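# Summary of the model geometry
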Amino acid sequence: MKNFINLKDISTTDLRKILNDAKKRKEKRKKLSTLEFDKDQPLKGKLLIQMYEKPSSRTRLSFHIAINQLGANSITVKASELHLGKGDESIADTAKILSTYGDGFLLRTDSDKKIEDFSKSLKIPIINLLSPSSHPCQVLSDIFTVEEIKKKPISKLNICWIGDCNNVLNSLIAASVKFKFNLNIACPKNYRPPNFVMEWVKKNKGKINIFNDPKKAAKNADVVFSDKVFSLNDKGNKAKKIKDFKNYRVNSKLMKFTRPNSIFLHCLPRGNEVSEEVFLGKHSRVWQQALNRVHVQKSIMLYSFGKLG
Ligand code: CP
Ligand code: NVA
């Protein structure tokens, strides 16, 4: 059994195996409808327990479908309805109970420490469905989408991020080191990635450039990523932060600096950080991006259960 908590802690070989498996599985079920099983039903008989401490549309639904396609079953619990959230049951006892009834635990949380604490007491794999510091399922799936559309390894492409240095960007930074791709980041000076992140990048020979000017970051980009300015776990003054990012909006003018066949990706939900014209325009692949979460998350679960092809 293997946890899937942070891309930094997973080998490139394993990440590549997940992507290859997802590609094969997606290809094989082209003619099947949403809830038809993959032929091999590799997780038949298993129960996956999902828990959300924060809202989710895509992650919740895509995992529900993914779990069903693998032949397993899922139950989603709300943190506020468990003794853990409302009462005083400890994480250790909750983890023991989850391990007794379930085969895997999928957690979206407002605390990285909670994932760590759960992982210490669980006897089943845990998958991170978004934490304050990372969103590994989203980003691995996005790498899949980029390579599917561009038909080449991501290491041969220029990737650009315009906006906040948040959980999704942290995972993209980890991915840029693992898959060795160029990553240009544009953000205001006061919002740059923290030193410990950049030190990790340097130590691991990452290729990351940080710009104040979004036009410079977007120049010759093959892929432009953006995400909302104020994340689920953000605290502080929302209006001020949004104002600080007013020059970091992805619009048609900015997209002109990218390569002619560049694509725009956004994990959703969106805010004002991208114009309607770009979000719904010719560069955008956001719906394909959302759908691919189903395929990649299946292979992430198979990785966790030691069942990758
Ligand atoms: N992109 C993403 O994780 O969306 P949800 O918050 O709706 O799950
Ligand atoms: N950065 C965003 C991602 C949402 C899927 C957040 O954490 O709210």
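These remarks concern the structure in this document. (Residues numbered from 1 in each chain as written. Chains lettered and ligands numbered in written order. Predicted model: local features only at pLDDT ≥ 70, side-chain atom pairs only at ≥ 80, totals over all residues. Heavy atoms only, no water.)

## Notes on the overall build of the chain
A tally of helices and strands in the chain yields 13 helices and 9 strands. The C-alpha radius of gyration of the chain comes to 19 Å, within 12% of the 19 Å expected for a compact globule of 309 residues. The principal-axis extents of the C-alpha atoms in the chain amount to approximately 55 × 45 × 40 Å. Considering only intrachain contacts with a sequence separation of at least 6, the fraction spanning at least 24 residues in the chain is 73%. (Helix = DSSP H or I, 4+ residues; strand = E, 2+ residues; numbered from the N terminus. Rg over C-alpha atoms; globule rule 2.2 N^0.38 Å. Contact = heavy atoms within 4.5 Å.)

## Structural notes on the side chain of Ser 131
Of note, Ser 131 is situated in the loop between β4 (126-128) and α6 (136-150). Note on Ser 131: relative accessible area 0%, which makes it buried. The contacts of Ser 131, once residues within four sequence positions are left out, are Thr 109, Asp 112, Ile 115, Asn 167 and Asn 233. (Buried < 20%, exposed > 50% of the residue type's maximum accessible area, 1.4 Å probe, protein only.)

## A few points about the site of ligand 2
Near ligand 2 the following residues occur: Leu 130, His 135, Asn 166, Asn 167, Val 168, Asp 227, Lys 228, Ser 231, Leu 232, Cys 267 and Leu 268. Interatomic distance of 3.3 Å between a side-chain N/O atom of Asn 166 and a nitrogen atom of ligand 2. With respect to ligand 2, the side chain of Ser 231 contributes an N or O atom lying 2.7 Å from a nitrogen atom. Relative to its free-state accessible area of 270 Å², ligand 2 is covered by the protein chains to the extent of 96%. A per-class count over the shell around ligand 2 returns 5 nonpolar, 4 polar and 2 charged. (Near = heavy atom within 4 Å. Polar contact = N/O pair within 3.5 Å; in protein donor to acceptor, adjacent residues only side chain to side chain. Areas by Shrake-Rupley, 256 points an atom, 1.4 Å probe, with all protein chains shown as cover. Nonpolar A, V, L, I, M, F, W, Y, C, P; charged D, E, K, R; others polar.)

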